[in-house]
Amino acid sequence: MSDDITAYIAELFSPEDDVLRAVRDAAARAGMPPIAVVPETGRFLQVLLRAAGARRVLELGTLGGYSAICMARALPADGRIISLEVSPEHAAFARRQLERAGVADRVDVRTGAALDLLPALAGERFDAVFLDADKASLPAYFDWAMRLLRSGGLVIADNTLRGGRVLDADDHDPDLLGIREFNRKLATDPRVTGLVVPIGDGVGVGVVSGSDPR
Ligand code: SAH
Ligand code: MG
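Procedures and definitions
Residues numbered from 1 in each chain as written. Chains lettered and ligands numbered in written order. Predicted model: local features only at pLDDT ≥ 70, side-chain atom pairs only at ≥ 80, totals over all residues. Heavy atoms only, no water. Donors = N, O, S within 2.8 Å, 3.2 Å for Na, K, Ca; no water. Helix = DSSP H or I, 4+ residues; strand = E, 2+ residues; numbered from the N terminus. Buried < 20%, exposed > 50% of the residue type's maximum accessible area, 1.4 Å probe, protein only. Near = heavy atom within 4 Å. Polar contact = N/O pair within 3.5 Å; in protein donor to acceptor, adjacent residues only side chain to side chain. Areas by Shrake-Rupley, 256 points an atom, 1.4 Å probe, with all protein chains shown as cover. Nonpolar A, V, L, I, M, F, W, Y, C, P; charged D, E, K, R; others polar. Lys, Arg positive; Asp, Glu negative; His and termini not counted. Salt bridge = Lys/Arg side-chain N within 4 Å of Asp/Glu carboxyl O. Contact = heavy atoms within 4.5 Å. Axes fitted to C-alpha atoms, helices over the stretch in contact; angles between N-to-C directions. Phe/Tyr/Trp six-rings, centres within 6.5 Å; stacked < 30°, edge-to-face > 60°. Pairing = 2+ DSSP bridges.

Undergrad: Tell me about the coordination of the magnesium ion (ligand 2), and name the residues and values.
TA: At 2.1 to 2.2 Å from the magnesium ion (ligand 2) lie its protein donor atoms, namely Asp-132 (OD), Asp-158 (OD) and Asn-159 (OD1). All donor residues of the magnesium ion (ligand 2) come from one chain, and their arrangement in sequence is D-x25-D-N. Here Asp-132, found in the loop between strand E4 (126-131) and helix H7 (138-148), pairs with Asn-159, found in the loop between strand E5 (149-158) and helix H8 (174-188); they are 27 residues apart in sequence, far enough to count as distant. With a relative accessible area of 11%, Asn-159 lands in the buried category.

This is the structure:
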């Protein structure tokens, strides 16, 4: 999309409020990488969670809590997010930001590598799973999402276009291989109806179909 169109959408639909701006600023001051979702992706997450009537959400990759705050705001009062984060520093920072945003009671940040923490969730059911941790593991995270989502639930992934680098078939960076394989699964796995939407850095969305046990 052209920059003009992106700016039009961002200005109209996703002005950052003081809380989110403060979280982004605090993360920059703390030296965290500036890789939180952009505001329009945050807005898109809210639209998706509302459309799915989501109450239980699983996030992979908390960073400073920006996307978790966006998602928590789209949940009903009894809604809950479990967010997995490998860096104890990021997790501690995020907990403070969630407190400041008034949503700490809705978000449970768990510290550890996602693939180590996911088995403990094996018996649970989620309405939506947001994949935004390391990209090389995206195909494995897709498989976990299929295990954990209810039918009609949403698998959502950020950075599925990686600034256009997915198009460069000669780029064999493990992150890109992971993203390409995730996108291929999203496009072809019969259990989901999926699409990559070119907002932010590319957001992949798939709706789990059918009522068969998975
Ligand atoms: N969702 C956040 C951004 C996440 S950035 C937002 O939009 O606000 C990616 C995060 O994933 C980083 O904080 C990084 O530490 C974390 N991460 C990387 N590898 C991980 C892994 N294997 N398990 C869990 N978290 C991981
Ligand atoms: Mg991201």
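Undergrad: Pulling in residues and values, what's your account of the site of ligand 1?
TA: Ligand 1 sits among 20 residues. The nearest are Gly-61, Ser-67, Glu-85, His-90 and Asp-132. Within the backbone of Val-37, an N or O atom sits 2.8 Å from an oxygen atom of ligand 1. Between Ser-67 and ligand 1, the recorded distance is 2.8 Å, taken from a side-chain N or O atom to a nitrogen atom. For ligand 1, whose free accessible area comes to 580 Å², the fraction covered by protein is 87%. Going through the elements one at a time, helix H4 (66-72) and strand E2 (80-85) are the ones with two or more residues in the shell around ligand 1. By residue class, the composition of the shell around ligand 1 is 11 nonpolar, 5 polar and 4 charged.

Undergrad: Account for the environment of Arg-96, with residues named and values stated.
TA: Looking at where Arg-96 falls in the secondary structure, it is placed in helix H5 (residues 88-100). For the pair Arg-96 and Gly-65, spaced 31 residues apart in sequence, the C-alpha separation works out to 8.8 Å.

Undergrad: Lay out the side chain of Glu-40 in plain terms, naming residues and giving numbers.
TA: The topology assignment puts Glu-40 in helix H3 (residues 39-51). Buried and unpaired, Glu-40 has Arg-24 as its nearest opposite-charge partner, separated by 7.3 Å. Beyond its immediate stretch of four places on either side in the chain, Glu-40 contacts Thr-6, Ala-10, Ser-14 and Ile-199.

Undergrad: Outline the packing of H7 against H8, listing residues and values.
TA: Axis separation between H7 and H8 bottoms out at 7 Å; the angle between their running directions is 35 degrees. Contacts between H7 and H8 pair Leu-138, Pro-139, Phe-142 and Asp-143 from the former with Gly-178, Ile-179, Glu-181, Phe-182, Lys-185 and Leu-186 from the latter. When its residues are assigned to classes, the contact of H7 with H8 shows 6 nonpolar, 1 polar and 3 charged.

Undergrad: For the environment of Arg-110, give the residues involved together with the corresponding values.
TA: Checked against the element boundaries, Arg-110 lands in strand E3 (residues 107-111). With residues up to four places along the chain from it excluded, the contact list for Arg-110 reads Ile-82, Ser-83, Leu-84, Glu-85, Leu-117 and Leu-121.

Undergrad: Describe in detail the side chain of Asp-158, supporting the description with residues and values.
TA: Note on placement: Asp-158 falls in strand E5. Within the structure, Asp-158 has its side chain in polar contact with the side chain of Asn-159 (distance 3.5 Å). With residues up to four places along the chain from it excluded, the contact list for Asp-158 reads Val-37, Thr-41, Phe-130, Leu-131, Asp-132, Lys-135, Gly-202 and Val-203.

Undergrad: Explain the packing of aromatic side chains to me, using residue names and the numbers behind them.
TA: Under the defined criterion, the tally for this structure stands at 1 aromatic pair. Ring centres 5.7 Å apart and planes at 80 degrees place the aromatic pair Phe-142 and Phe-182 in the edge-to-face group. Residue Phe-142 is found in helix H7, and its partner Phe-182 is found in helix H8; the two are separated by 40 residues along the sequence.

Undergrad: An account of the sheet that holds strand E7 (residues 203-208) is requested, with residue identities and associated values reported.
TA: As summarised here, the arrangement of the 7 strands in space is E3-E2-E1-E4-E5-E7-E6, forming an open sheet in which the pairing is mixed. A single partner strand is all that each edge strand has here, and the edge strands are E3 and strand E6 (192-197). Across the sheet, the mean angle from the axis of one strand to that of its neighbour is 15 degrees, orientation sign disregarded. Of the strand pairs in this sheet, E4 and E5 are connected by 5 bridges, and their pairing is parallel. If you follow Ala-128 over to E5, its bridge partner there is Leu-154. Relative to the sheet, H7 contacts strand E1 (56-60), E4, E5, E6 and E7, its axis offset from that of E5 by approximately 160 degrees. Against the sheet, H8 makes contact with E4, E5, E6 and E7, and its axis sits at roughly 130 degrees relative to E6, the strand it touches most.

Remember that the coordinates give geometry; whether it matters functionally is a separate question.
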